[in-house]
Amino acid sequence: MAINGLVQTAHADSDVAAQIKHGEYLARAGDCAACHTAPGGKPFAGGLKMMTPVGAIYASNITPDKLTGIGSYSEQDFSRALRQGIAQDGHHLYPAMPYPSFNKITDSDTRDLYLYFTQQVVPVAQTNRPSDIPFPLNIRWPLAVWNQVFLQQKPYYSDPKQTANWNRGAYLVQGLGHCGSCHTPRGVGFQEKALDNGNRAYLSGGTLDGWHAPNLRGDATTGLGQWTEGDITQFLQQGHTPRSTAFGSMVEVVQDSTQYLTDADRQAIAVYLKSLPADGQFRVQVNNSATAQALEKGDLAATGAQLYMDNCADCHLASGQGEKNKYPQLAQNPVVVSADPSSMINIVLRGAHSPVTVTSGKGAKMPAFADRLEDQEVADVVNFIRNGWGNQAERVSAAQVKAMRKLTEPDKG
């Protein structure tokens, strides 16, 4: 009997160890570190500043410290915070915490996440910082009303009409990956307009903090219509395709999360995303050689052409095709021709760098031009790019550049 008891204990310990390891994988898939680790801070100790329309909030400590973290949380407490946005003491979390997406996480995955955070993450004593939201907007009881209106108590259920691979991709994208938090437009209550593929607003592109996360649906011009499943899996693993490169917060997503997914999970995500139909708002834009020919023969009469040749052509080339697997193409680039030019303007102002991954090594960098170019010059070069090589997009103004410069100015506090 004693031997049997030891064997059972060993099996139980082995099961818990496997659950913890799986929980660590799930935390990677959910990119929990991105929001709950401040620059230069301890892992998961919180403190990261996040802007909202009414003021700044700060990520909470989710290490197992019993006084300042979640060390005293039961599994039920953890599940309630993760999937319903309600902390142990009953206060409501701001929906910057993507609990509307995490509501889709299964009970077993929630349990494994709980075991990982409470048994493997190193506890850190770091008091949570209160928000900078002024009174009375900082009163939290209206969030209960927000939940009643916008939170769908709807765990993910497999669609029997779809393949196992599709369902796995849908679960990761809609749930743990919370891709809609950035890539779905927001409504008047700052809610995501859709939480799954039942609505064509889902993953059709969204703007936060002055950056536009592009359309992930099948639109040929502004979405993934011209991407293959292989392009998507490469992008998730390396942060680039032969002609596209991650930028903005997606750099951290690739570095901290998607590069560590299994090949099978990246493939499942690709299968799901490629199944999403276009929203039909944009017609296909076709490359033409007129811009390239003009630049190559030294014709710089077009507004912004000289600025492009002086500042952009070395990497993106006169052809607008960029350097394969290093610098992205500008011709028919969904980010370039997006109806919302926020990211295009900000990349010029603030620069960009591609992810550093295990497979791709050190990422390429684009310099910032905020100190080099005036607002009108930025507008001119952006307009040249948005309407060169067959691109067709609305023009931006110097006033838009000025507003974006102010909005995304690095926080000096």
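This one's a predicted model, so the numbers in the text were calculated from it and none came from an experiment.

1. Considerations on the packing of aromatic side chains
Then step 1. Applying the stated criterion to the full structure yields 14 aromatic pairs.
Then step 2. Ring geometry for Phe78 against Phe117: centres 6.2 Å apart, planes inclined by 40°, an arrangement best described as tilted. Here Phe78, found in helix α3 (residues 75-84), pairs with Phe117, found in helix α5 (residues 107-119); they are 39 residues apart in sequence, far enough to count as distant.
Then step 3. For Phe78, a relative accessible area of 9% corresponds to the buried category.

2. Description of the UniProt feature "binding site: heme c 3" (unreviewed entry) in the protein chain
Then step 1. Under the UniProt annotation, the feature "binding site: heme c 3" (unreviewed entry) is placed at Cys312, Cys315 and His316.
Then step 2. Mapped onto the elements, Cys312 comes out in the loop between α13 (305-311) and α14 (313-316).
Then step 3. Checked against the element boundaries, Cys315 lands in helix α14.
Then step 4. Judged by relative accessible area, Cys315 falls into the partly exposed class, the value being 27%.

3. With respect to the UniProt feature "binding site: heme c 2" (unreviewed entry) in the protein chain
Then step 1. The positions that UniProt labels "binding site: heme c 2" (unreviewed entry) are, in the present scheme, Cys179, Cys182 and His183.
Then step 2. With respect to the secondary-structure elements, Cys182 resides in helix α8 (residues 180-183).
Then step 3. Looking at Cys182, the relative accessible area reads 33%, which means it is partly exposed.
Then step 4. Setting aside residues no more than four positions away along its own chain, Cys182 makes contact with Gly206, Leu208 and Ala213.
Then step 5. With respect to the element layout, His183 can be found in helix α8.
Then step 6. Judged by its relative accessible area of 12%, His183 is buried.
Then step 7. Other than its neighbours up to four places away in sequence, His183 contacts Leu203, Ser204, Gly205, Gly206, Ala213, Pro214 and Leu216.

4. Concerning the pattern of salt bridges
Then step 1. Following the criterion strictly, the structure yields 7 salt bridges and no others.
Then step 2. A salt bridge links Asp196 to Lys104, with the nearest nitrogen and oxygen atoms 4.0 Å apart. With Asp196 in the loop between α8 and β3 (206-208) and Lys104 in the loop between α4 (99-102) and α5, the pair connects residues that are 92 residues apart, well separated along the chain. Per residue, the accessibility class of Asp196 equals that of Lys104, and both read buried.
Then step 3. In this structure, the salt-bridge partner of Lys154 is Asp196, at a minimum N-O distance of 3.4 Å. In this pair, Lys154 is assigned in the loop between α6 (142-150) and α7 (164-176) and Asp196 in the loop between α8 and β3, connecting sequence segments 42 residues apart.

5. Digging into the layout of surface pockets
Then step 1. Estimates place the volume of the second largest pocket at around 400 Å³.
Then step 2. What lines the second largest pocket is a set of 16 residues, and nearest its centre among them are Val54, Tyr94, Pro95, Leu137 and Leu143.
Then step 3. Among the elements that take part in the lining of the second largest pocket, α6 stands out by supplying 3 residues, more than any other.
Then step 4. Each of domain 1 (1-150) and domain 2 (164-275) contributes no fewer than three residues to the lining of the second largest pocket.

Thresholds applied
- Residues numbered from 1 in each chain as written.
- Predicted model: local features only at pLDDT ≥ 70, side-chain atom pairs only at ≥ 80, totals over all residues.
- Heavy atoms only, no water.
- Phe/Tyr/Trp six-rings, centres within 6.5 Å; stacked < 30°, edge-to-face > 60°.
- Helix = DSSP H or I, 4+ residues; strand = E, 2+ residues; numbered from the N terminus.
- Buried < 20%, exposed > 50% of the residue type's maximum accessible area, 1.4 Å probe, protein only.
- UniProt positions renumbered as here; feature names shortened; annotations may be inferred.
- Contact = heavy atoms within 4.5 Å.
- Salt bridge = Lys/Arg side-chain N within 4 Å of Asp/Glu carboxyl O.
- 1 Å grid on protein atoms, 1.4 Å probe; cavity = no way out; pocket = protein on both sides within 12 Å on 5 of 7 lines; lining within 4 Å.
- Points joined across faces, edges and corners; volume = space filled by probe spheres on them.
- Domains from an automatic or database assignment.

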